[in-house]
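Listed below, chain by chain, are the residues.
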Amino acid sequence: MSDPAGDARALDVDGLDRLIAALSERGFAPHGPIVRDGSIVWGPLRGVADLPAGWTLEQDAGRCQLVRRGDGALFGWAVGPDSPKRLFLPPSLQLFTARRDDEGGFALDPPAPAPGPIALIGARPCEIAAIAVQDRVLLGSEHTDAHYRARRDEAFIVAAHCGEPGGTCFCVSADTGPSARSGFDLALTELHGDGEHTFVIEVATERGAAVLEAVPHRAATGDEIARAAAVVTGAASRMGRELETDGLRELLYGCREHPRWDEIAARCLGCANCTMVCPTCFCTSVSDLTDITGATAWRERSWDSCFTMDFSYIHGGSVRPSVGARYRHWITHKLASWHDQFDESGCVGCGRCITWCPVAIDITAEVVGLRSDGSPPPRTRTAGFRV
Amino acid sequence: MTAVDSMRPAIATVRAVRRETADVVTIRLDHGDRSDAFEPGQFHMLYAFGAGEVPISVSGRPARGGGVEHTIRAVGATTRALCRLRRGGTVGVRGPFGTAWPVEEARGRDVVLVAGGIGLAPLRPVIQRIIAERELYGRVTVLYGARTPDDILFEADLARWRGRFDLQVGVTVDHADASWRGHVGVVTTLLTDVDLDPDACLAILCGPEVMMRFTAAELEARGIPRREIWVSLERNMHCGVGLCGHCQMGPELVCRRGPVYRLDHVGRLLGVREV
Ligand SMILES: Cc1cc2nc3c(=O)[nH]c(=O)nc-3n(C[C@H](O)[C@H](O)[C@H](O)COP(=O)(O)OP(=O)(O)OC[C@H]3O[C@@H](n4cnc5c(N)ncnc54)[C@H](O)[C@@H]3O)c2cc1C
Ligand code: SF4
Ligand code: SF4
Ligand code: FES
């Protein structure tokens, strides 16, 4: 990574628009945050006009609301319910098609051609950290996920350092934000207000530099660089949540019989929302299907969740029939056994599981509860979805 | 796509089908030169066209000819479809995956193999290997428990193994019928008659988790340390290669770090409720 103080660049809004166009011309399919379905989600981006100008997401446990900011900031919000996960690990994907042949056997159709590369515009530091976590899981050992690789390998990433953490963010505790340290080609920090709208750009890779060359830009001034740094330090001081990570792995391994699990089980609906919105959750299931004639069969892979009963089913029963055991498995996997499996935490502190839990179960509060001896938990508010 | 797609099955031909019991069938598969590239204890993901794909252990090499054998109990949609396969039929195969039984560590030692039910299938390739290089091992004992006399697998093999002077073989059933003249009771009861040298013995267990737990406890009580006891664990598996998350047991991804484990590595997880 280049030294941001040394050769930071600056783009205006039009420059950012040209950058998106330049990526498109180079064969990337630009994707970024867009307003859809009353929220901010990842979608195809034609240009800056598609970005959520002037919008923000107010978030708390069990609550997320799309509201006007009263200014024109493009990145004045933290994260929405979905993440680039869906672009690299699609929620549902056909893995192959097989056809019966005349002799009663079958053969597989040739693999589908690899999709073209994607460019992410405005990926958050925690999202980039989550991509690195999934890279480790899906590409980091002997057997890799070819479908993930085909989408991930060439992807171009423009990071957006955070200036407006959400009410459920705790990337400072997770050590993943509010500024991204690696895993991107270019990174931007948004400076806006008083008629100014500038993006201070950090160049991290050669291809990042090459794309930027094709776009009108200038050197960032010392003052802009200092204010960009202040944006992220300001964000760091306004985190919505906190998670004490010291001794967390040992804590979770040591509290398998804690009374807290039953309390959580009484609240948790086992709905799997937390795992669907989590940018690191990678679990999938395959189903093998046939057409009505039985001549063609195909395999579909879809996101699955350790919160479903079927997930661990073996001969006549689920390994984790109780909801408490399923929550225990999930949080233990995120914060403890992920370290054993992949040498790092499975939680990047994005807060999505807190925001999108319909009964406002909060991973950070549960850890506090598990650290205590089992006396009654602080009351959590119950809220339905209000979008 | 340049990388190998580990989720894409190779196509194998069914070369032979042998009915073992009313609900168990052994099939011999041939998928070219990779057919016998497996270690005892490893499994394949077998795909029955349109029906599904499930983990099935390698149950051995055929006595004659190439290929690999699998022994399958029909318990649900996919295993039923696999058990309906005929000679000349086609299945999808991915693998072999997972860890192997400690055949090399067992050399120079006494070996006790204890199987329950379909658990004899994954042990058969170890027994075949031991017989092929019998002089490398000390005393070898095979103990096998089936539900009823009608559920006994590999009868021809068992008869052959019993006929050897250098193998001790014990078979028991949970429920006998009038024709049964053998031992009745759970498989651990067979251990009582076995002379174990705790300093020389390595034990290999395969069967339902409770059966392995009780057998391991009995072996430990006889002085065999946990690090000399090996087990094979069963978990739901969709990928077999560490990508889908289904097979977790505590920190273990059983498809990758297992299914064969040394007991001192997973013993603390066995018997933990809903882990
Ligand atoms: C490593 C390993 C090796 C195995 N070796 C053998 C073998 O050699 N012979 C044999 O007969 N069986 C073996 N099994 C068990 C076999 O995989 C299951 O019987 C089979 O998955 C049942 O699938 P089904 O669709 O027929 O049954 P259903 O009951 O309809 O199962 C539905 C789904 O649940 C899951 N499932 C159900 N039972 C099991 C189970 N016991 N283990 C794992 N997943 C399960 C599968 O995903 C299956 O598709 C092995 C299991 C594992 C994990
Ligand atoms: S566990 Fe929750 S906070 Fe952590 S990465 Fe997943 S969704 Fe974000
Ligand atoms: S913790 Fe919340 S989001 Fe997750 S399964 Fe339970 S109710 Fe659903
Ligand atoms: S079976 Fe998919 S991770 Fe083990």
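## Quick notes on the overall build of chain A
On a plain count of helices and strands, chain A comes out with 14 helices and 16 strands. For a compact globule of 387 residues, the expected C-alpha radius of gyration is about 21 Å, and chain A comes in at 22 Å, within 12% of that figure. Within chain A, buried positions represent 56% of all 387 residues. Sequence separation of 24 or more characterises 71% of the internal contacts of chain A that already satisfy a separation of 6 or more. Summed over all atoms, the accessible surface of chain A reaches about 15600 Å², with 52% contributed by carbon and sulfur. Here chain A holds 38 positive side-chain charges and 51 negative ones, and the gap between their average locations is 4 Å.

## So, the sheet that holds strand β1 (residues 10-19) of chain B
Two orientations exist for strands paired in a sheet by backbone hydrogen bonds: parallel and antiparallel. All names here are of chain B. Taking strand neighbours around the barrel as the criterion, the 6 strands line up as β1-β2-β5-β4-β3-β6 in a closed arrangement whose pairing is antiparallel. If you compare each strand with its neighbour and ignore which way they point, the axes differ by 45° on average. Judged from the 6 bridges that link them, β1 and strand β2 (residues 24-30) form a sheet pairing that is antiparallel. Looking at β2, one finds that V17 is bridged to I27. On the sheet, helix α2 (residues 120-132) packs against β1, β4 (52-60) and β5 (68-73) and is oriented at approximately 30° with respect to β4.

## Structural notes on the site of ligand 1
Around ligand 1 sit 22 residues in total, of which P55, T71, R73, T79 and E234 of chain B are the nearest. At the site occupied by ligand 1, the surrounding residues belong to chains A and B. At 3.1 Å, a backbone N or O of H315 of chain A approaches a nitrogen atom of ligand 1. R73 of chain B is positioned such that a nitrogen or oxygen atom in its backbone is 2.8 Å from an oxygen atom of ligand 1. Isolated, ligand 1 exposes 830 Å² of accessible area, and the fraction of that covered by the protein chains is 85%. Those elements that provide at least two residues to the shell around ligand 1 are β15 (313-314) of chain A together with β4, β5 and α1 (77-83) of chain B. With 4 residues, the top contributor of residues to the shell around ligand 1 is β4 of chain B.

## Some remarks on the site of ligand 3
If you check the shell around ligand 3, you find 13 residues, and the closest are C268, C271, A272, C274 and C357 of chain A. Here the shell around ligand 3 is composed, by residue class, of 11 nonpolar, 2 polar and no charged.

## What about the packing of aromatic side chains?
Within the structure shown, the criterion is met by 13 aromatic pairs over all chains. Here F106 of chain A and Y47 of chain B contribute two aromatic rings whose centre-to-centre distance is 5.7 Å and whose plane-to-plane angle is 90°, an arrangement assigned as edge-to-face. With F106 of chain A in strand β7 (residues 106-108) and Y47 of chain B in strand β3 (residues 43-48), this residue pair bridges two chains. For F106 of chain A, a relative accessible area of 3% corresponds to the buried category. Plain terms: the ring middles of F282 of chain A and F342 of chain A are 6.2 Å apart, the flat faces sit at 90° to each other, and that makes the pair edge-to-face. With a gap of 60 residues between them, F282 of chain A in the loop between α11 (273-277) and β13 (284-290) and F342 of chain A in helix α12 (residues 323-342) connect regions that are remote in the sequence. Across the pair, F342 of chain A and F282 of chain A agree in class, each one buried.

## Some details on the packing of helix α10 (residues 260-267) of chain A against helix α14 (residues 363-371) of chain A
All names here are of chain A. Where α10 contacts α14, the axes come no closer than 10 Å and their chain directions differ by 150°. In terms of their interaxial angle, α10 and α14 are classed as roughly antiparallel. On α14, the residues touching R260, W261, I264 and R267 of α10 are A365, E366, G369 and L370. By residue class, the composition of the contact of α10 with α14 is 4 nonpolar, 1 polar and 3 charged.

## Section: the sheet that holds β7 of chain A
All names here are of chain A. Pairing within the open sheet is antiparallel, and its 4 strands lie in the order β7-β6-β14-β13. The strands lining the two open edges of the sheet, one partner per strand, are β7 and β13. Here the strands of the sheet are splayed against their neighbours by 25° on average, with no regard to which way each runs. Pairing analysis gives 7 bridges linking β13 to strand β14 (residues 296-303), with the strands arranged antiparallel. Residue pairing across strands places S285 opposite S302, the latter belonging to β14.

## Quick word on the side chain of S285 of chain A
Secondary-structure assignment places S285 of chain A in strand β13. Here the side chain of S285 of chain A touches D304 of chain A through a polar contact of 2.5 Å, side chain to side chain. Reaching out from S285 of chain A, the side chain makes a polar contact with the side chain of H246 of chain B at a distance of 2.8 Å. Filtering out sequence-adjacent residues up to four positions away, S285 of chain A remains in contact with E300, R301, S302 and D304 of chain A together with H238 and H246 of chain B.

## Points about unusual backbone geometry
With omega at 5°, the peptide bond leading from G177 of chain A into P178 of chain A counts as cis. On the secondary structure map, P178 of chain A appears in the loop between α6 (171-174) and β10 (186-193). A cis amide bond links G258 of chain B to the next residue, P259 of chain B, at an omega of 10°. Relative to the helices and strands, P259 of chain B resides in the loop between α6 (254-257) and β15 (260-262). Positive phi values are uncommon outside glycine, yet D37 of chain A reaches one of about 55°. Tracing the sequence through the fold places D37 of chain A in the loop between β2 (29-36) and β3 (39-44). Assessed through its relative accessible area of 67%, D37 of chain A is described here as exposed.

## Overview of the confidence of the model for chain B
Summarising the model, chain B shows a mean pLDDT of 94, and 99% of its residues fall at 70 or more. Of the two predicted TM-score estimates for the complex, the pTM is 0.94 and the ipTM is 0.92.

## Quick word on the interface of chain A and chain B
Of the residues lining the interface, 57 residues belong to chain A; the matching set on chain B comes to 41 residues. Buried area between chain A and chain B, summed over both chains or domains, comes out near 4000 Å², and the portion from carbon and sulfur atoms is 57%. If you look at where chain A meets chain B, you find 2 salt bridges. E257 of chain A serves as the salt-bridge partner of R273 of chain B, at 3.7 Å between the closest nitrogen and oxygen. Broken down by secondary-structure element, the contributors of at least two residues to the side of chain A that touches chain B are β6 (92-100), β7, α4 (125-139), α5 (146-152), β13, β14, β15 and α12 of chain A. Residue contributions to the side of chain A that touches chain B peak at 8 residues, all from α12 of chain A. In terms of residue class, the side of chain A that touches chain B is made up of 26 nonpolar, 17 polar and 14 charged.

## Considering the pairing of β4 of chain B
All names here are of chain B. Within β4, 7 of the 9 residues are buried, which leaves the element mostly enclosed by the surrounding structure. For β3 and β4, the ladder comprises 6 bridges, and the chain directions are antiparallel. Each residue of the ladder has a partner; that of Y47, found in β4, is E53. The pairing of β4 with β5 spans 2 bridges and is antiparallel. Within the sheet, the bridge partner assigned to V58 lies in β5 and is H70.

Rules used in this analysis
- Residues numbered from 1 in each chain as written.
- Chains lettered and ligands numbered in written order.
- Predicted model: local features only at pLDDT ≥ 70, side-chain atom pairs only at ≥ 80, totals over all residues.
- Heavy atoms only, no water.
- Helix = DSSP H or I, 4+ residues; strand = E, 2+ residues; numbered from the N terminus.
- Rg over C-alpha atoms; globule rule 2.2 N^0.38 Å.
- Buried < 20%, exposed > 50% of the residue type's maximum accessible area, 1.4 Å probe, protein only.
- Contact = heavy atoms within 4.5 Å.
- Areas by Shrake-Rupley, 256 points an atom, 1.4 Å probe, with all protein chains shown as cover.
- Lys, Arg positive; Asp, Glu negative; His and termini not counted.
- Charge placed at Lys NZ, Arg CZ, Asp CG, Glu CD.
- Pairing = 2+ DSSP bridges.
- Axes fitted to C-alpha atoms, helices over the stretch in contact; angles between N-to-C directions.
- Near = heavy atom within 4 Å.
- Polar contact = N/O pair within 3.5 Å; in protein donor to acceptor, adjacent residues only side chain to side chain.
- Nonpolar A, V, L, I, M, F, W, Y, C, P; charged D, E, K, R; others polar.
- Phe/Tyr/Trp six-rings, centres within 6.5 Å; stacked < 30°, edge-to-face > 60°.
- Parallel < 35°, antiparallel > 145°, perpendicular 65-115°, else oblique.
- pLDDT = per-residue confidence, 0-100.
- Buried area = accessible area lost by both parts, 1.4 Å probe.
- Salt bridge = Lys/Arg side-chain N within 4 Å of Asp/Glu carboxyl O.

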